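Descriptive analysis of the structure
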Amino acid sequence: MDVYTAIHGRRSVSTLAEDVPPRTVIERLINAAVWAPNHHLTEPWRFHVLCGAARSEMGAAVADRLEEELDPADPATSGAIRSARSRLSRAPVVVVVSQNGSDDPMVNLEDYAAVCCATQNLMLAAHAEGLATKWRTGDMCDYRASKEFLGLSEADRIVGYVYVGYPAAHLSSDDRERKSPEVGWLGWDDPSDSVSV
Ligand SMILES: Cc1cc2nc3c(=O)[nH]c(=O)nc-3n(C[C@H](O)[C@H](O)[C@H](O)COP(=O)(O)O)c2cc1C
């Protein structure tokens, strides 16, 4: 699959079949991820690949710890705990992509950008392999309990939970439009290009 076909064809998919993709395929996705550009050559990414019982084990460990981490008086707490317990089981494989923290704020920012690029590489490679993905974030990225379960430090950042599996429904590549981007063409000879969008 050429890169334009992969970029245009990849779509976030919420409903995944239960079949577990082969581990060798997931390894290929991770090997594609790490070819992302990375200004400081820190290779700041880390991957935890959850499958089978590991998904509910992480969900249960995080949910149990949230009883202490969250405010019991907050009406949202019980829903957050319930959701933490079950949400990772929505995909046969969950790749947790994290960034190693840096003390230097600029490195930290650029490393975050690099890990986002790595995540997109992983999703494009998955699409080329006939798999579907969804990048999920939210509170599960920020809970101390999530980092603790994965052995991450407070300074590390969970950049996303990439849900990976076979699409349960047919994938349409054009079901979501993109607006024409604002583009400033500077220094181009043809004046009609100079304020094109
Ligand atoms: C940083 C980031 C975080 C995201 N977090 C979520 C999320 O928590 N839940 C979700 O359903 N989708 C999430 N998405 C997926 C977007 O909703 C999705 O990419 C967007 O709707 C565009 O659809 P497409 O991926 O099919 O082009 C996230 C995407 C990115 C880049």
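Throughout what follows, the structure given in this document is the object of discussion. Because the structure is a prediction, the values reported are computed rather than measured. (Residues numbered from 1 in each chain as written. Predicted model: local features only at pLDDT ≥ 70, side-chain atom pairs only at ≥ 80, totals over all residues. Heavy atoms only, no water.)

**Section: the packing of helix H3 (residues 53–69) against helix H4 (residues 77–86)**
Between H3 and H4, whose axes approach to 7 Å, the crossing angle comes to 160°. Here H4 runs roughly antiparallel to H3, going by the angle between their axes. Regarding H3 and H4, the two cross each other, and that crossing is right-handed. Of the residues in H4, those in contact with Gly59, Ala60, Val62, Ala63, Asp64, Leu66 and Glu67 of H3 are Ala80, Ile81, Ala84 and Arg85. Taken together, the residues of the contact of H3 with H4 sort by class into seven nonpolar, one polar and three charged. (Axes fitted to C-alpha atoms, helices over the stretch in contact; angles between N-to-C directions. Helix = DSSP H or I, 4+ residues; strand = E, 2+ residues; numbered from the N terminus. Parallel < 35°, antiparallel > 145°, perpendicular 65-115°, else oblique. Left-handed = near helix turned anticlockwise from the far one by under 90°. Contact = heavy atoms within 4.5 Å. Nonpolar A, V, L, I, M, F, W, Y, C, P; charged D, E, K, R; others polar.)

**Some details on the packing of helix H2 (residues 23–33) against helix H5 (residues 105–128)**
Relative orientation of the contacting elements H2 and H5 amounts to 140°, with a least axis distance of 7 Å. Taken together, the axes of H2 and H5 lie oblique to each other. Crossing hand, H2 versus H5: right-handed. Contact with H2, carried on its side by Leu29, Ile30, Ala32 and Ala33, involves Ala118, Asn121, Leu122, Ala125 and Ala126 of H5 and no other residues of that element. Of the residues belonging to the contact of H2 with H5, the class tally is eight nonpolar, one polar and no charged.

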